[in-house]
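Structural features, examined
The primary structure of each chain is shown beneath.
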Protein chains: 2
Amino acid sequence: MKTLSDAFEHTLKDIYHAENQLVKALPKVQEAANGKKLKDAVAEHLEETKGQVKTLEKVFKSIGKTASGEKCDAIEGLIKETQGIMDEMTGEAKNAALLAACQAVEHYEIARYGTLREWAKVLGHDEAHDLLTQILDQEKAANSKLTNLAVSEINKS
Amino acid sequence: MKTLSDAFEHTLKDIYHAENQLVKALPKVQEAANGKKLKDAVAEHLEETKGQVKTLEKVFKSIGKTASGEKCDAIEGLIKETQGIMDEMTGEAKNAALLAACQAVEHYEIARYGTLREWAKVLGHDEAHDLLTQILDQEKAANSKLTNLAVSEINKS
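Here is a short report on the structure shown in this document. (Residues numbered from 1 in each chain as written. Chains lettered and ligands numbered in written order. Predicted model: local features only at pLDDT ≥ 70, side-chain atom pairs only at ≥ 80, totals over all residues. Heavy atoms only, no water.)

1. Some details on the overall build of chain A
Each helix and strand counted, chain A has 5 helices and 0 strands in total. Computed over its C-alpha atoms, the radius of gyration of chain A comes to 16 Å, within 12% of the 15 Å expected for a compact globule of 157 residues. The C-alpha extent of chain A, read off along each of the three principal axes, is 50 × 25 × 20 Å. Across the 157 residues in chain A, those meeting the buried criterion constitute 54%. For chain A, contacts bridging at least 24 residues in sequence account for 78% of all contacts bridging at least 6. Here chain A has roughly 6900 Å² of accessible surface; of this, 49% comes from carbon and sulfur atoms. (Helix = DSSP H or I, 4+ residues; strand = E, 2+ residues; numbered from the N terminus. Rg over C-alpha atoms; globule rule 2.2 N^0.38 Å. Buried < 20%, exposed > 50% of the residue type's maximum accessible area, 1.4 Å probe, protein only. Contact = heavy atoms within 4.5 Å. Areas by Shrake-Rupley, 256 points an atom, 1.4 Å probe, with all protein chains shown as cover.)

Spelled out as structure tokens, the structure:
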């Protein structure tokens, strides 16, 4: 990898892999969550994530590439951490810890999409820039929802 | 782990481990960076990170505990990703990719400190809350600096 175009494509494959891993992991989080409120929030985010996979496929298409993933160490670590919470926590704070883990994932995604849409702009990939901005806005909104849920429903319970 | 207090202590150990890993990793990033501007920014963040390790030790003390770390899968994954960039990238986009990796780490930390300081408040750990808020503000400022550097100095070069 030498050029910004190489880095863009690599990072796109990395986040495509990450979103696909989340489509597999979120049903387990939904199962592990206590109570309807968090289960519903996770279910909603799962649907949103499936939509983001489709949007990323449009991004690949817009730059003349076929969508494919590349192993992403960061998301593997974040999911492993979430799995640890599901395995080790049993009591009242399980939801709080699950929410915190979901927020760590959201922040990772916000970092990645922030970078990708900026690179898309520099590279002149206008359609990709707009699609990535759409996803970035969704991730920011999802993170705000998780913060509100964490603060109002769980930490203060 | 059952209570919010357990989760707080676990996450504190996790971020303490993460900051200590970063103190080891950042000199390698500094070495790999091209040009004085990014090298200086990384050096500055290394000093800030060392200060955060000390501040975290005060947080542990404020809750009557001795500082200790616990392996954190997420930061291991993020550092592994950064190492991959240092190993695989050679050309003009190396700085852009390094900056992006640093921002992913910053976002992870922002997520973690946001959670920790909220939990500290709920648990009545007022001193810990204030110290963690200090670090959170530093991480947000560091991330903004990296964004400015990425946008103005590297992506547009």
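2. Let's talk about the interface of chain B and chain A
Interface extent is often summarised as the accessible area lost during association of the parts. Across the boundary between the two partners, chain B contributes 36 residues, which contact 36 residues of chain A. Interface of chain B and chain A: buried area, both sides summed, is about 3200 Å²; carbon and sulfur atoms make up 59% of it. Here chain B is connected to chain A by 4 salt bridges. Between Asp73(B) and Lys80(A) there is a salt bridge, with the nearest N and O atoms lying 3.9 Å from each other. Counting every contact that joins chain B to chain A gives 7 residue pairs in polar contact (both at pLDDT 80 or more). Those elements giving two or more residues to the side of chain B that touches chain A turn out to be α1 (4-32), α3 (73-88), α4 (94-122) and α5 (126-155) of chain B. In terms of residue class, the side of chain B that touches chain A is made up of 19 nonpolar, 8 polar and 9 charged. (Buried area = accessible area lost by both parts, 1.4 Å probe. Salt bridge = Lys/Arg side-chain N within 4 Å of Asp/Glu carboxyl O. Polar contact = N/O pair within 3.5 Å; in protein donor to acceptor, adjacent residues only side chain to side chain. Nonpolar A, V, L, I, M, F, W, Y, C, P; charged D, E, K, R; others polar.)

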